[in-house]
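# Structure at a glance
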Amino acid sequence: MTRHVIGKLDEFPDETRRVVDIDGVEIAVFNVGGAFHAMRNACPHKGASLCTLPPTGMMLESAPDVYEWGRDGEIVRCPWHGYEFNLSDGKSVIAPKLKLRARVYNIDIEGEEVALYV
């Protein structure tokens, strides 16, 4: 993996989502409450941009007639067909055992630099 500095820490305040280009590949970078995530900016289903919508949560499994929202800021939703992926590992929310998964990348804060490993 190659290290790519994509900016300074102060350029990525909380709730930032931004697309960076690394050697012709668009990568969506998210800062969710100080936790950085990076994934390929293309839904593995049909290629829509995954950086279009802010990270969201989902309804959790619960008892009948109980509606519980959770995992706020952990899910990225495709704007075209609603496919949802975990920001942390790129797995499909609805079918985590399927091969349909968004490519994720390691991202680190080193001093004041935000670095992506591709």
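Above: the structure in question.
Summary of the structure given here. (Residues numbered from 1 in each chain as written. Predicted model: local features only at pLDDT ≥ 70, side-chain atom pairs only at ≥ 80, totals over all residues. Heavy atoms only, no water.)

### Concerning the overall build of the protein chain
Test applied: Elements are defined by DSSP. Helices are runs of H or I of four residues or more, strands are runs of E of two residues or more, and each kind is numbered from the N terminus. Only heavy atoms matter for contacts: two residues are in contact if any of them lie within 4.5 Å across the pair. Surface accessibility in these figures is a Shrake-Rupley result with a 1.4 Å probe; residues are shielded only by whichever protein chains are displayed. The charged-residue count follows a simple rule in which Lys and Arg add positive charge and Asp and Glu add negative charge, with His and chain termini not counted at all. Where a charge lies is defined by one atom per residue type: Lys uses NZ, Arg uses CZ, Asp uses CG and Glu uses CD.
The number of helices and strands found in the protein chain is zero helices and nine strands. Put simply, the protein chain runs from its N terminus to its C terminus through helices and strands in the order β-β-β-β-β-β-β-β-β. Once the C-alpha set of the protein chain is aligned to its principal axes, its extents read approximately 50 × 30 × 20 Å. Look at the contacts in the protein chain between residues 6 or more apart in sequence, and 41% of them connect residues 24 or more apart. Of the roughly 7000 Å² of accessible surface on the protein chain, a fraction of 49% belongs to carbon and sulfur atoms. Put simply, the protein chain has 13 plus and 18 minus side-chain charges, and the middle of one group is 10 Å from the middle of the other.

### Details of the sheet that holds strand β6 (residues 68-77)
Here is the rule: Between any two strands, at least two bridges found by DSSP are needed for them to pair. Axes, fitted as lines to C-alpha atoms, cover a helix only where it is in contact. Angles between the N-to-C directions of the axes lie from 0 to 180 degrees.
In spatial order, the strands read β5-β6-β7; together these three strands make up an open sheet with antiparallel pairing. Looking at strand neighbours, the two that pair on one side only are β5 (56-60) and β7 (84-86), the edges of this open sheet. Mean inter-strand twist for the sheet, computed between neighbouring axes without regard to direction, equals 65 degrees. Pairing between β5 and β6: four bridges, direction antiparallel. When the sheet's bridge partners are listed, Met 59 is paired in β6 with Trp 69.

### Thoughts on the environment of Leu 98
Heads up, the condition is: Think of it in three bands: with a 1.4 Å probe and only protein chains considered, a residue is buried below 20% of the maximum accessible area for its type, exposed above 50%, and partly exposed in between.
For Leu 98, the position within the fold is in the loop between β7 and β8 (104-110). Residue classification places Leu 98 among the exposed residues on the basis of a relative accessible area of 54%. Taking C-alpha positions, Leu 98 is 31 Å from Asp 14, a pair spaced 84 residues apart along the chain.

### So, the pairing of strand β9 (residues 113-117)
Here β9 lies mainly inside the structure; four of its five residues are buried. Bridge count for β8 against β9 is five bridges, and the pairing is antiparallel. Along β9, the bridge assignment pairs Ile 109 with Val 114.

### Details of the packing of aromatic side chains
For clarity, the threshold we go by: Here the aromatic set is Phe, Tyr and Trp, taking the six-membered ring for Trp, and pairing holds for ring centres within 6.5 Å; pairs whose planes are under 30 degrees apart are stacked, those over 60 apart are edge-to-face, and all others are tilted. A ring is considered to have a charge above it if a Lys NZ or an Arg CZ atom is located within 6 Å of its centre and within 35 degrees of its normal.
Applying the stated criterion across every chain, the model contains one aromatic pair. When the ring of Phe 12 is compared with that of Phe 36, the centres are 6.0 Å apart and the planes differ by 70 degrees; the resulting orientation is edge-to-face. With Phe 12 in the loop between β1 (3-8) and β2 (16-22) and Phe 36 in strand β4 (residues 35-40), this residue pair connects regions lying 24 residues apart in the sequence. Overall, the relative accessible area of 2% leaves Phe 12 in the buried class. A cation sits over an aromatic face here: Arg 18 above Phe 12, 4.3 Å from the ring centre.

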